[in-house]
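# Results of the structural survey
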Amino acid sequence: MAKHNELGKWGEDFAADYLQKQGYVIRDRDWHCGKRDIDLVALSADMATIVFVEVKTRTSNDVAEPADAVNRQKIRNLGIAANNYIKQFNVVEQVRFDVVTIVGTCRENAKLEHIEDAFNPLLA
């Protein structure tokens, strides 16, 4: 596995652990709809909201902030994938799109930021 793929997998694991500690229930990981994917699909702690989570992991933020990688095209693709997920699994809960950014290389030095309700794909 390429180093950037290993970093991304580690970041998704770290984000999933963090969300579970906050009371979220992880329903799916790395869910695919054709070429589009959703990193994490979680049920919120109050069990009222399905949260589609995009995880961005970087070793440093010297060049750019990880959240900057969630651009208009990525938001559109997430919206399309989420729409398919909602239809496939008959989701009736509220829906929200979050971004989790992680900067670092291990849990001991990583900085995690959870941006709730980060975007609305209908506005992208």
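It should be noted that the structure appears before, not after, this text.
Here the structure is a predicted model, which is why all the values come from computation and not from measurement. (Residues numbered from 1 in each chain as written. Predicted model: local features only at pLDDT ≥ 70, side-chain atom pairs only at ≥ 80, totals over all residues. Heavy atoms only, no water.)

Moving on, we get to the pattern of salt bridges. Enumeration over the complete set of coordinates arrives at 7 salt bridges. Between Arg107 and Asp17 there is a salt bridge, with its nearest N and O atoms 2.6 Å apart. One end of the pair, Arg107, is in the loop between strand E4 (94-103) and strand E5 (111-115); the other, Asp17, is in helix H1 (residues 3-21), with 90 residues separating them in the sequence. In this structure, the salt-bridge partner of Arg96 is Asp98, at a minimum N-O distance of 2.8 Å. For Arg96, a relative accessible area of 15% gives the class buried. In this structure Asp98 comes out as buried when scored by relative accessible area, which is 0%. (Salt bridge = Lys/Arg side-chain N within 4 Å of Asp/Glu carboxyl O. Helix = DSSP H or I, 4+ residues; strand = E, 2+ residues; numbered from the N terminus. Buried < 20%, exposed > 50% of the residue type's maximum accessible area, 1.4 Å probe, protein only.)

One pair of aromatic rings is described through two measures. These are the centre distance and the angle between the planes. By the definition in use, this model includes 7 aromatic pairs. Geometrically, the ring pair formed by Phe52 and Tyr85 is edge-to-face, given 5.6 Å between the ring centres and 85° between the ring planes. Of this pair, Phe52 sits in strand E3 (residues 49-58) while Tyr85 sits in helix H2 (residues 72-88), and the two are 33 residues apart along the sequence. Taking 5.3 Å as the distance between ring centres and 35° as the angle between the ring planes, the aromatic pair formed by Phe97 and Phe119 counts as tilted. Note that Phe97 is positioned in strand E4 and Phe119 in the segment after E5, a separation of 22 residues in sequence. Take Phe97 and Phe119: they sit in the same class, and that class is buried. Members of the aromatic cluster, joined through ring pairs, are Trp31, Phe52, Tyr85, Phe89, Phe97 and Phe119. (Phe/Tyr/Trp six-rings, centres within 6.5 Å; stacked < 30°, edge-to-face > 60°.)

Relative to the elements of secondary structure, Thr101 occurs in strand E4. Thr101 has contacts with Lys56, Pro66, Ala67, Lys111, Leu112 and Glu113, leaving out every residue within four places of it along the chain. (Contact = heavy atoms within 4.5 Å.)

Turning our attention to H2. For H2, which comprises 17 residues, the first-to-last C-alpha distance of 24 Å matches the rise-based estimate of 24 Å (1.5 Å per residue) to within 8%. Listing the buried residues of H2 in full gives Lys74, Ile75, Leu78, Gly79, Ala81, Ala82 and Tyr85. Regarding H2, its N-cap is Asn71, as a side-chain oxygen of that residue lies 3.3 Å from the backbone nitrogen of Gln73 further along. Looking at the residues trailing H2, positive phi occurs at Asn90, about 50°. (Expected span 1.5 Å × (residues − 1). Polar contact = N/O pair within 3.5 Å; in protein donor to acceptor, adjacent residues only side chain to side chain.)

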